[in-house]
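Below are the chains, spelled out letter by letter.
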Amino acid sequence: MFINNFDPVAFTILSLEIRWYSLAYIFGILIGWYLGKKFFIDNDKIKEAFDDYITYVIVGIILGGRLGYVFFYDFSYFFNNPLEIFQIWNGGMSFHGGLLGVILASILFSKSKNLDVFEFLDVIAIVTPVGLFLGRIANFINSELYGKAAEVIWSVKFLKVDEIYRHPSQLYEAFLEGIVLFVILIFVKKRSKNLNPGYISGIFLIFYSIFRFICEFYRVPDEQIGYLLLNLTLGQIISIIFLAIGITIFSLKNEKK
């Protein structure tokens, strides 16, 4: 059993606190940018436009992630406190919202360049697990999105939360959504060079949704929401929707060029 009492602040420059969560976003984007352009782009036109595209991706992640959290997870609170919508440093980002933001940004960018949006989304899909891994590690350090009470030998006591030993659900997600998903997507990429753009995006949505759905069983649901239809969490319900989207894309793109 492990006791978690990490400081969410990585270091301080003068009076500016640099938090692990911010570093996770920064390094997730930088590493994903490098890996995507260096190893996972086959089309020269996509590679040439990729640097400009990343700007759209960053905006999509931040705006989509924040607005997704506001509308999906705590709309009533932010409706009564609208100025706090802009206080991202206080926490509150939704992966599914960020995903929608990236998709919308990709559509806008690809249309401006007259390129296939799935050419871009496939690259982002492969490198996204890097950011997911770092983000979940940051969640663990911050003692947020913690798991349910557990008596397993790897359970963790989050001192900033209470005295209960819990599932380190953040680490479960880091492993499945980060490491395992990354390996799966690289394997698909190496074996599927002759498949249509969008195939990898479909695979990403399918496996991410499955892994997220499973991990939610070990994670404490958001206090302001609790359990919903069929005793599922909001994260699980949204994952089912994205799983259906992923299966649809996979079915449409699962053809040889």
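Right above here is the structure, for reference.
Definitions and cut-offs
Residues numbered from 1 in each chain as written. Predicted model: local features only at pLDDT ≥ 70, side-chain atom pairs only at ≥ 80, totals over all residues. Heavy atoms only, no water. Helix = DSSP H or I, 4+ residues; strand = E, 2+ residues; numbered from the N terminus. Rg over C-alpha atoms; globule rule 2.2 N^0.38 Å. Buried < 20%, exposed > 50% of the residue type's maximum accessible area, 1.4 Å probe, protein only. Areas by Shrake-Rupley, 256 points an atom, 1.4 Å probe, with all protein chains shown as cover. Pairing = 2+ DSSP bridges. Axes fitted to C-alpha atoms, helices over the stretch in contact; angles between N-to-C directions. Parallel < 35°, antiparallel > 145°, perpendicular 65-115°, else oblique. Left-handed = near helix turned anticlockwise from the far one by under 90°. Contact = heavy atoms within 4.5 Å. Nonpolar A, V, L, I, M, F, W, Y, C, P; charged D, E, K, R; others polar. Expected span 1.5 Å × (residues − 1). Bend = angle between axes of the 7 residues up to and from the residue. Patch = residues over 30% accessible without salt bridge, like charges linked within 9 Å, V, L, I, M, F, W, Y side chains within 5 Å. Salt bridge = Lys/Arg side-chain N within 4 Å of Asp/Glu carboxyl O. Core = buried A, V, L, I, M, F, W, Y, C linked by side-chain atoms within 4.5 Å.

### Examining the overall build of the protein
Piece 1. Counting its secondary structure elements, the protein contains 8 helices and 5 strands.
Piece 2. Going from N to C terminus, the protein has its helices and strands arranged as β-β-β-α-α-α-α-α-β-β-α-α-α.
Piece 3. Here the C-alpha atoms of the protein give a radius of gyration of 19 Å, agreeing with the 18 Å that 2.2 N^0.38 yields for 257 residues.
Piece 4. Judged by the C-alpha coordinates and their principal axes, the protein covers about 55 × 45 × 35 Å.
Piece 5. Looking at the protein residue by residue over its 257 residues, the buried ones come to 45%.
Piece 6. For the protein, the exposed surface amounts to about 13,900 Å²; the carbon and sulfur share of it is 66%.

### Re the pairing of strand β2 (residues 9-13)
Piece 1. As judged from the 4 bridges shared by β2 and strand β3 (residues 16-19), these two strands associate in the antiparallel manner. Counterpart to V9 in the pairing with β3 is R19.
Piece 2. Once β2 ends, the chain turns through 2 residues before running back antiparallel as β3, passing L14 with a positive phi of about 55 degrees.

### Considering the packing of helix α5 (residues 117-141) against helix α6 (residues 169-191)
Piece 1. Taken N-terminus to C-terminus, the directions of α5 and α6 make an angle of 170 degrees; their axes are 8 Å apart at the nearest point. With respect to each other, α5 and α6 are oriented roughly antiparallel. Relative to α6, the crossing made by α5 is left-handed. On the side of α5, the interface is formed by A125, I126, P129, V130, L132, F133, R136, I137, N139 and F140, while α6 contributes Q170, L171, E173, A174, E177, G178, I179, L181, F182, L185, I186 and K189.
Piece 2. When the residues that make up the contact of α5 with α6 are grouped by side-chain class, the tally is 15 nonpolar, 3 polar and 4 charged.

### Quick notes on α6
Piece 1. Taking 1.5 Å of rise per residue, the 23 residues of α6 would be expected to cover 33 Å, and the 31 Å separating its terminal C-alpha atoms lies within 8% of that figure.
Piece 2. Where α6 bends most, at L181, the angle is about 35 degrees.
Piece 3. All of the buried residues in α6 are S169, Q170, E173, A174, L176, E177, G178, L181, L185, V188 and K189.
Piece 4. Of the surrounding secondary structure, the elements contacted by the buried residues of α6 are α5, β4 (156-158) and α7 (199-216).

### Topic: a nonpolar patch on the surface
Piece 1. Residues V59, L63, L67, F71, F72, F75, F79 and L100 make up a contiguous nonpolar surface patch of roughly 780 Å² in combined accessible area.
Piece 2. Of all the secondary structure elements, the ones that give two or more residues to the nonpolar patch are α2 (44-73) and α3 (75-80).
Piece 3. Along the chain, L67 falls in helix α2.

### Focus: the pattern of salt bridges
Piece 1. One pass over the full model with this rule turns up 11 salt bridges.
Piece 2. Taking the shortest distance from any N to any O, the salt bridge between E177 and R136 comes out at 3.4 Å. Note that E177 is positioned in helix α6 and R136 in helix α5, a separation of 41 residues in sequence. The burial state of E177 is the same as that of R136; both residues are buried.
Piece 3. With its nearest N and O atoms 3.2 Å apart, the salt bridge here joins E163 to K157.
Piece 4. Taken together, the shared-partner salt bridges in this structure form one network comprising R136, E173, E177, R212, E216 and R219.

### Topic: unusual backbone geometry
Peptide bonds are, in most cases, trans, and in most cases residues other than glycine have a negative phi.
Piece 1. At L14, a residue that is not glycine, the phi angle is positive and equals roughly 55 degrees.
Piece 2. Judged by its relative accessible area of 84%, L14 is exposed.
Piece 3. Residue S143 is not a glycine yet carries a positive backbone phi of 60 degrees.
Piece 4. Structurally, the position occupied by S143 is in the loop between α5 and β4.

### Focus: the nonpolar core
Piece 1. Core analysis: the largest hydrophobic core is formed by 45 residues, its most contacted members being F50, Y53, F120, L185 and F204.
Piece 2. Among the elements that take part in this core, α5 stands out by supplying 11 residues, more than any other.
Piece 3. Beyond its immediate sequence surroundings of up to four residues, F50 is in contact with W33, G36, K37, I41, F120, V123 and I124.

### What to know about the packing of α2 against α5
The description of two helices packed together rests on the angle between their axes and the distance between the axes.
Piece 1. Viewed as axis vectors pointing N to C, α2 and α5 meet at an angle of 70 degrees, and their least axial separation amounts to 11 Å. One element, α2, and the other, α5, form an angle in the roughly perpendicular class. Across the interface between the two elements, I46, A49, F50, Y53 and V57 from α2 touch E119, F120, L121, V123 and I124 from α5.
Piece 2. Classifying every residue of the contact of α2 with α5 gives 9 nonpolar, no polar and 1 charged.

### Side note on the environment of P197
Piece 1. For P197, the position within the fold is in the loop between α6 and α7.
Piece 2. Residue P197 is classed as buried on the basis of its relative accessible area, which comes to 14%.
Piece 3. In sequence terms P197 and K253 are 56 residues apart; their C-alpha atoms lie 7.1 Å from each other.

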